[in-house]
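Each chain, letter by letter, is given below.
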Amino acid sequence: MIAADKNATNTAPNGASLPRTAGGGPNGSPAGTTPMVTVRGLGKSFGTNEVLRDIDLTVNRSEVVCLIGPSGSGKSTLLRCINFLEAYDRGEIRIEGTLVGYSEDSPRRRLTNRELRGLRRNVGMVFQQFNLWPHMTALENVAEALVQVRGMNKADAAARARQMLERVGLAAKADSYPARLSGGQQQRVAIARVIAMEPHLMLFDEPTSALDPELVGEVLQVMRDLAADGMTMVVVTHEMGFAANVADKVAFLDHGRIAAFGTPREVFHESAEPRVQQFLQTYHERNSF
Amino acid sequence: MKFSVIIDALPYLLQAAVTTVWVSLLGMLLGQVIGVLVCVARQSGSRAADMAGGVYVSFFRGVPLLIQLLLIYYMLPLVGIDVPPLVASVAALGLASGAYVSEIYRGSLNAVPHGQAEAALALGFPGTTIWSRILLPQAFRISVPALINELILLLKASSLISVVGVAELTRTSQTISASNYRPLEIYLAAGVIYLAINGVLALFGTAVERRLQRG
């Protein structure tokens, strides 16, 4: 269905600052459609520590791309660069063709948070720690951005928030404060808060890592439903089952590089990359008893 | 012990207690305003403002309130500003309290997890809205117990303004016991009145906390 993008095995150094044609190759998207996300030659350092290097990645519309890899491999940093919660140093990220975080001028100028608002309202993010606002009810958490960012009136926002909570199966918890909800419920409210904004793209940063094992399933189910509805998603996860069954593409990161990229089958079963095999081996050992 | 002297003195003591409450309330109010301003200065990102705020806090926290009060009371007339004792008292209480309050607010703001603002940022919130809707309400909630504590300390510290002649509770107790030679009864009564006022403050604090901790 989807031809493998061979960015992963790309050994030639990319011209870090050179924008290349979006997509770069056969990627299965309908002709003339801009990919949702294109990452080209991305690099980032914390001091002398290079956390991302030469990252190339294309995410097409309605695709689910999972970023996997050992901790410290840079997958969360990559995700946070996509909505510019983290600034990158080299290369470029485009969302629907628009450069993220910098002006198109040369030399590029870093955009302010104010200038980034337009982009961010179309890119939802779900965090590992949920980050619900504890002083607002579940309903208020979902309605807040509709009022403050979309400019909806309170009644319409509340009605829409209620619909969204219904969609994640939490209509009954609308008036509960986050502290009264389980981790899984909190994360579902956080997802409702994002989808209420009708984002074009959703970023998930280890959405189930802070959850008790028995609560992981309900969150993954909501994410599966979203994927089935055609939401474009980039998911940093340690849930290999989710990656294998739901993702269209999987990117394996190691030491700030994409070491393997392709369909789940290509990465999990056909990759010759020893680090992938080693990572999966460790994963299986940890999860068997 | 002769409790009838307390009954006789009670109207005067209560009247003085009203002064204590007023001076303290005004001092608290001034302290809150100064506290917010100093806190904003220190969080503003400007090095100069941060330094100025830091110097302010270390001075007013480091010098005893009694000395500050006497400095304000005796120094300002030297430069031609004649301050009534009541104004000097409110100013001293407010300036000192402001230093503590600014630190309480600063600590509370830092105690709000970073992810709280980040979630709003990622949704496209304007910066001012992140402050007004997400950060400040939470910082305030965190600060309530420490603020109530500070208010209680301030109310007790207001006994110091007796030295500049304001007829508040402590000063009035001194005056009465100097004339009826019954210091034990009078000071005991004064102590109970202070305790009662602070009890009300503490109850108020608990009520506010409970209301804010619905979540």
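Computed from a predicted model, the values in this text were never measured in an experiment.

Some thoughts on the UniProt feature "domain: ABC transmembrane type-1" (unreviewed entry) in chain B
Next, step 1: Within this structure's numbering, the places UniProt gives as "domain: ABC transmembrane type-1" (unreviewed entry) are residues 17-205 of chain B.
Next, step 2: Taken end to end, residues 17-205 of chain B comprises 84% helix and 0% strand; its first and last C-alpha atoms sit 20 Å apart.

Some remarks on the interface of chain B and chain A
Next, step 1: Every contact between the two is made by 19 residues of chain B and, on the other side, 26 residues of chain A.
Next, step 2: For the pair chain B and chain A, the two sides together bury roughly 2,000 Å², of which 60% comes from carbon and sulfur.
Next, step 3: Linking B:Glu118 and A:Arg80 is a salt bridge whose minimum nitrogen-to-oxygen distance equals 2.7 Å.
Next, step 4: Summed over the shared surface of chain B and chain A, the number is seven residue pairs in polar contact (both at pLDDT 80 or more).
Next, step 5: It is helix α5 (residues 114-122) of chain B that provides the largest number of residues to the side of chain B that touches chain A, a total of seven residues.

Overview of the UniProt feature "transmembrane region" (unreviewed entry) in chain B
All names here are of chain B.
Next, step 1: Mapped onto this numbering, the UniProt entry gives "transmembrane region" (unreviewed entry) at residues 12-41, 53-74, 86-105, 142-166 and 186-208.
Next, step 2: As annotated, residues 12-41 comprises 100% helix and 0% strand, and the C-alpha atoms at either end are separated by 43 Å.
Next, step 3: Secondary structure across residues 186-208 comprises 100% helix and 0% strand; the distance between its end C-alpha atoms is 33 Å.

Notes on the pairing of strand β7 (residues 201-205) of chain A
Residues and elements named next belong to chain A.
Next, step 1: Counting buried positions along β7 gives five out of five residues, so the element sits mostly inside the fold.
Next, step 2: With burial as the criterion, each face of β7 is covered, one bearing Leu 201, Leu 203 and Asp 205 and the other bearing Met 202 and Phe 204.
Next, step 3: Both strand β6 (residues 123-126) and β7 contribute to a ladder of four bridges, which runs parallel. In the strand pairing of β7, Val 126 is matched with Phe 204.
Next, step 4: Once you follow β7 into helix α6 (residues 213-228) and on to strand β8 (residues 232-236), the crossover reads as right-handed.

Structural notes on the environment of A:Ala138
All names here are of chain A.
Next, step 1: Within the secondary structure, Ala 138 is located in helix α3 (residues 138-148).
Next, step 2: With 33 residues separating them in the primary sequence, Ala 138 and Ala 171 have C-alpha atoms 9.4 Å apart.
Next, step 3: Ignoring any residue separated from it by four or fewer positions in sequence, one finds Ala 138 in contact with Leu 165, Lys 173, Ala 174, Ser 176, Leu 181 and Val 189.

Topic: the sheet that holds strand β4 (residues 90-95) of chain A
Residues and elements named next belong to chain A.
Next, step 1: The four strands are arranged β2-β1-β4-β5 in an open sheet whose pairing can be described as antiparallel. Lying at the two open borders of the sheet, with one neighbouring strand each, are β2 (49-59) and β5 (98-99).
Next, step 2: The pairing of strand β1 (residues 37-46) with β2 spans seven bridges and is antiparallel. Bridge pairing in β2 links Thr 38 to Thr 58.

A short note on the pattern of salt bridges
Residues and elements named next belong to chain B.
Next, step 1: Considering all chains together, one arrives at 23 salt bridges over all chains under this definition.
Next, step 2: Between Arg 42 and Glu 103 there is a salt bridge, and its shortest N-O distance comes to 3.0 Å. Residue Arg 42 is found in helix α1 (residues 4-43), and its partner Glu 103 is found in helix α4 (residues 85-111); the two are separated by 61 residues along the sequence.
Next, step 3: With relative accessibility at 18%, the residue Arg 42 sits in the buried group.

A closer look at the packing of aromatic side chains
Residue and element names in this part refer to chain A.
Next, step 1: Counted under the stated rule, the structure contains eight aromatic pairs over all chains.
Next, step 2: Judged by centre distance (5.7 Å) and plane angle (90 degrees), the ring pair of Phe 84 and Tyr 88 falls under edge-to-face. Residues Phe 84 and Tyr 88 agree in their burial class; the two are buried.
Next, step 3: Within the aromatic cluster, the residues linked to one another by ring pairs are Phe 84, Tyr 88 and Tyr 102.
Next, step 4: Against the face of Tyr 102 rests Arg 108, its NZ or CZ located 4.1 Å from the ring centre.
Next, step 5: Note that Arg 193 overlies the ring of Trp 133, its terminal NZ or CZ placed 4.3 Å from the centroid.

Considerations on the sheet that holds strand β10 (residues 257-262) of chain A
All names here are of chain A.
Next, step 1: Reading across the sheet, the six strands line up as β6-β7-β8-β3-β9-β10 and stay open at both edges, with mixed pairing between neighbours. The outermost strands of the open sheet, each flanked by one partner alone, are β6 and β10. Strand-to-strand, the axes of this sheet are offset by a mean angle of 15 degrees, without reference to chain direction.
Next, step 2: Where β7 meets β8, five bridges bridge the pair, whose relative direction is parallel.

Thresholds, definitions, all that
Starting from 1, residues in each chain are numbered consecutively following that chain's sequence as written. Here the convention is simple: chains get letters from A, ligands get numbers from 1, in the order in which they are written. Note on the predicted model: pLDDT of at least 70 is required for a residue's local features to be given, and 80 or more for side-chain atom pairs to be given and counted; whole-chain, interface and lining totals, by contrast, use all residues. No hydrogens and no water enter the side-chain calculation; it runs on all heavy atoms of the structure. UniProt positions are given in the numbering used here, feature names are shortened, and annotations may be inferred rather than shown by experiment. Secondary structure is summarised from DSSP: a helix means a run of H or I of at least four residues, a strand means a run of E of at least two, and numbering begins at the N terminus for each. Any pair of residues with heavy atoms lying within 4.5 Å of one another is described as a contacting pair. For any pair of parts, buried area is found by adding up, for both, the accessible area (1.4 Å probe) each one loses once the two are put together. What makes a salt bridge here is a side-chain nitrogen of Lys or Arg within 4 Å of a carboxyl oxygen of Asp or Glu, nothing more. In protein, a polar contact requires one atom able to donate a hydrogen and another able to accept it; more generally it is a pair of N or O atoms within 3.5 Å, and residues adjacent in sequence count only if both atoms are side-chain atoms. Working definition: with a 1.4 Å probe on protein chains only, accessible area under 20% of the residue-type maximum means buried, over 50% means exposed, and in between means partly exposed. When DSSP finds at least two bridges between two strands, those strands are taken to pair. Handedness of a crossover is defined as follows: with both strands directed away from the viewer, a clockwise route from the first strand across the helix to the second makes it right-handed. Each pair of aromatic rings taken from Phe, Tyr and Trp, with Trp reduced to its six-membered ring, is defined by centres within 6.5 Å and is described as stacked if the planes are under 30 degrees apart, edge-to-face if over 60, and tilted in the remaining cases. For a ring to carry a charge above it, either NZ of a lysine or CZ of an arginine must fall within 6 Å of the ring centroid while also lying within 35 degrees of the normal to the ring plane. Lines fitted to C-alpha atoms define the axes, with helix axes restricted to the stretch in contact, and inter-axis angles between N-to-C directions lie between 0 and 180 degrees.

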